[in-house]
Each structure stands twice: as structure tokens, then as C-alpha cells.
Amino acid sequence: MEYYKLVYAPIIYMVKDHATAEDIIQISFLKVIKKRPAAENEAKLKAWIHVVVKNTVYDFFKKSKKNRNEMDSDHVYINESPVYATEAGDIESQIELKLMIEALEKYLEDIKPEYKSLIELRWKRDLSYKEIALRLDTTEEAVKYKLFRVREAMRKRFLKEWGAEK
């Protein structure tokens, strides 16, 4: 879901079709999984992912253009079967995901303001550990340690309330 959220907006902007965007997301995800480089940090990895996505969209356009050129105007195929962009199970999992997100936001309200600001800087503003350390006038190691602690606390609370025990 994180990958989906990361790449959906740029893909839908380029292709203007939800079903096609989902196909491209799946293809690009498989490419990313198969050929993941040893990235130095998260920002470089995200940049690489965006390049893979962009190239996958371009490949899709080239392929569809080639297919349109190969089609003979005398032979038209009409598919009358219904095609759905999402299946019924997807709707259930989307609702469950929204409930989980609401639970996590509730957990965020209950944590210390110091930890809340770290979470906001890291995930909502997408800052690196180094940038957070500079803003908060602390060390990068301290930021990593505190984020680890708050993630662990939230994970334990989440698993306890949602019944997904290890």
C-alpha cells in the first residue's frame, strides 16, 4: 500500500485511467522488487523508484502505440464482459486500512509531543534523519533511536488492539 500511495499520483497524472494505472503499478512494483539497487539512503531509493515508474509508463505507451498501429481497421474486437478496476475484496481491505489508519492517528494523539513532532517530520514532511536532527538541534543517532522507540511502542499497541500477535 505504501508503494501504491507513493507512485499512484504520478502514474494517474500521465495515463489518466485508473485501471491502466493499477496495471502499471503492478508491473513497476515487480521491476523494483527484482532489481533493487543498494541505495545509500531512502531518498535515493525513492528517486530510483520514480525513474523506474516513469520508464514503465513510457514503455506502456510505446507498447500500446505499437498495438494500435498493428490493428487492422477491418477487424474490430469488442469485449462485452464487464471489467472492474477493483474487486469486492479490495473494498473490504480499503475499509480495514482506513480503520487502521484512524487507530494509528489515535495512538499518535496519545504519545509525547516530542515523539509526535518526530513522526510528523519524518513521515508527513518526508524529511531525512539528518534534516530532522538539524531542525531539532540533536544528533542523527538520537533521532533514529527515538523514532525506533515510538515505532515499536505504536506497533505493540497496534498488535495488541488488532489481535495480530506474533
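Residues numbered from 1 in each chain as written. Predicted model: local features only at pLDDT ≥ 70, side-chain atom pairs only at ≥ 80, totals over all residues. Heavy atoms only, no water.

Right, let's get into the pattern of salt bridges. A side chain with one charge can pair with a side chain of the opposite charge if their charged atoms come near. Across all of its chains, the model carries six salt bridges by this definition. One salt bridge connects Glu114 with Lys146, and the closest N-O pair in it is separated by 2.5 Å. Linking Glu114 in helix H5 (residues 113-124) with Lys146 in helix H7 (residues 140-162), this pair joins segments that are 32 residues apart in sequence. Residue Glu114 is classed as partly exposed on the basis of its relative accessible area of 38%. Accessibility expressed as a relative area gives 26% for Lys146, which makes it partly exposed. Measuring nitrogen to oxygen at the nearest pair gives 3.0 Å for the salt bridge that ties Glu152 to Arg155. Taken together, the positions of Glu152 and Arg155, both in helix H7 and three residues apart, correspond to about one turn of that helix. With relative accessibility at 24%, the residue Glu152 sits in the partly exposed group. (Salt bridge = Lys/Arg side-chain N within 4 Å of Asp/Glu carboxyl O. Helix = DSSP H or I, 4+ residues; strand = E, 2+ residues; numbered from the N terminus. Buried < 20%, exposed > 50% of the residue type's maximum accessible area, 1.4 Å probe, protein only.)

So, about the packing of helix H6 (residues 129-136) against H7. How two helices sit against one another is set out by the angle between their axes and by the gap between those axes. Where H6 meets H7, the closest approach of the two axes is 8 Å, and the angle between their N-to-C directions is 105°. Viewed along their axes, H6 and H7 adopt a mutual orientation that is roughly perpendicular. Between H6, through Tyr129, Lys130, Ile132 and Ala133, and H7, the contact on the second element is made entirely by Glu140, Val143, Lys144, Leu147 and Arg151. The residue makeup of the contact of H6 with H7, split by class, is five nonpolar, no polar and four charged. (Axes fitted to C-alpha atoms, helices over the stretch in contact; angles between N-to-C directions. Parallel < 35°, antiparallel > 145°, perpendicular 65-115°, else oblique. Contact = heavy atoms within 4.5 Å. Nonpolar A, V, L, I, M, F, W, Y, C, P; charged D, E, K, R; others polar.)

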